[in-house]
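A look at the structure
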Amino acid sequence: MRPDGAAGGLASGRPLLTRAQWESRAQRLFASEGREAKDEVRLRYTSRELPHAVVQVSSLGALRALRKRPDVYFVEPARMISVAQSPGCGAPAALVQPTFSLPEGDIVPIQYRMQGISEAWKKGVTGAGVTIGYVDTGTDNVVPEFTTRFAAGASAGRSITRLSTMGFSFFSPNPTGDGCGHGTRVAGVIGAPRDGLGGVGIAYGANLLPVEATPGPVVNWSAVSVAQGIIQAADQGAWIISMAIGSTTAFQSIRDAISYAARVEPGRRVPLLVAAAGTWTGSSVAPPIVCWLLDAIGTCPSWIQDPTRFIVFPASEPGVIAVTAMELGGWVPSNVSRGPTVEFAMIGDLPGVATSGTGWPAGTPIRFRGSSAAVSAFAGAAALVWSRFPTITRDSLLAVLRCSHAWTPRCQRRSTDVGYGAPDVLRAIGGISEVVATATPAEGDYCWHFSVASVVGGHGPYTYYWPATGSTSPSTEACFGPTGLEYPIQASLEVYVSEPDGASREGKAWFWAYP
């Protein structure tokens, strides 16, 4: 509902009508109609936070009449389709990426070290004090990671608060908390406990606020419940609201909810809203007949020819940070969206948590891929940085994350596919930012002198370790050759420089290995 003549129902995230006004207008709207019209349009409920009403319409004429009213600024489906299964709800696969184990026994993917996450943990940065909301398919209420073990071990002292808005789109909440499994995998990446018994989430010290808002990661099924999920996550005090869900169709109800969540008020922490850029199933190219038909009336859009150039909703919305996925080698998978409006990318092949009925024992770390995994990882990484600097604003947090990538000059270079790339959490929180190592010829054939030339960031005194030689000095010598090849090759020697708390960064000294 809106005031007559207004462009919309909100301004800067605030309703233009009071709650009493929009409820009164909704009631009058139906009371003023004739008996026949009242039977064709039935008011189901009105929102408490926004000037939205959900109605049941039984005729096309009644729908047209609603759209023409001056006090109605949009009419859209509350639920477009109802499908039992969704892409993203299928049986998960086994972990395949390299992992290492923490001293307690938790399994950690190698990319957490590459992105400065596991090193940031050594500085006591766990996400503690930050609340992460995620609007998804819920979180399993049976698996021990999110029940009996949620606050165990190093994850002690935190809470999980479960919400469900499924009823707003006329679905029943799933008795297990997650009938799909997608939201539980999201939860595993964001904040599975660090208790020595399985996979560990990035922000294992953060409070979690799972919102069961859709039966699958396709928003079309449940636009109203997704909108209410965003509203409730914001009202419950979420610092970060993550949405590993998407649609090729935009919904005004969700747009209004995003505006409401991001509104600026004195004394209010504006949450960071992040969403998956999009992961596509099946062929990445539309069937030729589709483009043939479109060419007959114009031009086949590039995003239909290649859907990965299309950023799905709500990641495409202003005010929402779009996150895509990368492989370990730094490239974007062929079925994942990328483009100039993407802000960040994370390595999107991570350990989620299996639910019962998926072919895996409940709680097993399993493979979770694509932009859904990537945005979940980004939400966890952002929580680590925000917990280190709890007084900064959302915009300041984003500035820190944008400047933490290793690209030079930082904060300025932005890729047309992956934005600012993957943030380095250790660099973002003030740990060692860079290790510069050099190699110079030493006495003897094929011998080199290696040394650490400089250490940027962090706090000394530093300790050093050269794995190839076992040296713990700032410099070492080693001989390599002959290689047996027909030409010289460029190689490197690794050195790890650590701060007193154990947080370390790798440096490489490059040299030529000769035949």
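To be clear, the structure that these remarks concern was listed above.
Presented here is an overview of the structure given in this document. (Residues numbered from 1 in each chain as written. Predicted model: local features only at pLDDT ≥ 70, side-chain atom pairs only at ≥ 80, totals over all residues. Heavy atoms only, no water.)

Turning our eyes to something else, we now look at the sheet that holds strand β16 (residues 432-441). The antiparallel open sheet is built from three strands, whose spatial order is β16-β17-β19. Of all strands in the sheet, those bounded by a partner on one side alone are β16 and β19 (475-479). Within the sheet, the average angular offset between the axes of one strand and its neighbour, ignoring direction, is 25 degrees. Bridge count between strand β17 (residues 447-457) and β19: five bridges; the pairing is antiparallel. If you follow phenylalanine 450 over to β19, its bridge partner there is threonine 476. (Pairing = 2+ DSSP bridges. Helix = DSSP H or I, 4+ residues; strand = E, 2+ residues; numbered from the N terminus. Axes fitted to C-alpha atoms, helices over the stretch in contact; angles between N-to-C directions.)

Another aspect to go through is the pattern of salt bridges. For the structure on display, the rule yields 20 salt bridges. Between aspartate 417 and arginine 309 there is a salt bridge, with its nearest N and O atoms 2.8 Å apart. Linking aspartate 417 in the loop between α12 (394-402) and α13 (425-428) with arginine 309 in the loop between α10 (302-305) and β12 (321-326), this pair joins segments that are 108 residues apart in sequence. A relative accessible area of 22% places aspartate 417 in the partly exposed class. Take arginine 309: its relative accessible area is 42%, and that puts it in the partly exposed class. (Salt bridge = Lys/Arg side-chain N within 4 Å of Asp/Glu carboxyl O. Buried < 20%, exposed > 50% of the residue type's maximum accessible area, 1.4 Å probe, protein only.)

Our next topic: the packing of helix α6 (residues 182-191) against helix α11 (residues 370-388). Where α6 contacts α11, the axes come no closer than 8 Å and their chain directions differ by 40 degrees. Relative to α11, the element α6 is oriented oblique. Seen along the crossing, α6 lies across α11 with a hand that is right-handed. Taking contact as the criterion, the partners of His182, Val186, Val189 and Ile190 in α6 are, on α11, Ser372, Ala373, Ser376, Ala377 and Ala379. Taken together, the residues that form the contact of α6 with α11 break down as six nonpolar, three polar and no charged. (Parallel < 35°, antiparallel > 145°, perpendicular 65-115°, else oblique. Left-handed = near helix turned anticlockwise from the far one by under 90°. Contact = heavy atoms within 4.5 Å. Nonpolar A, V, L, I, M, F, W, Y, C, P; charged D, E, K, R; others polar.)

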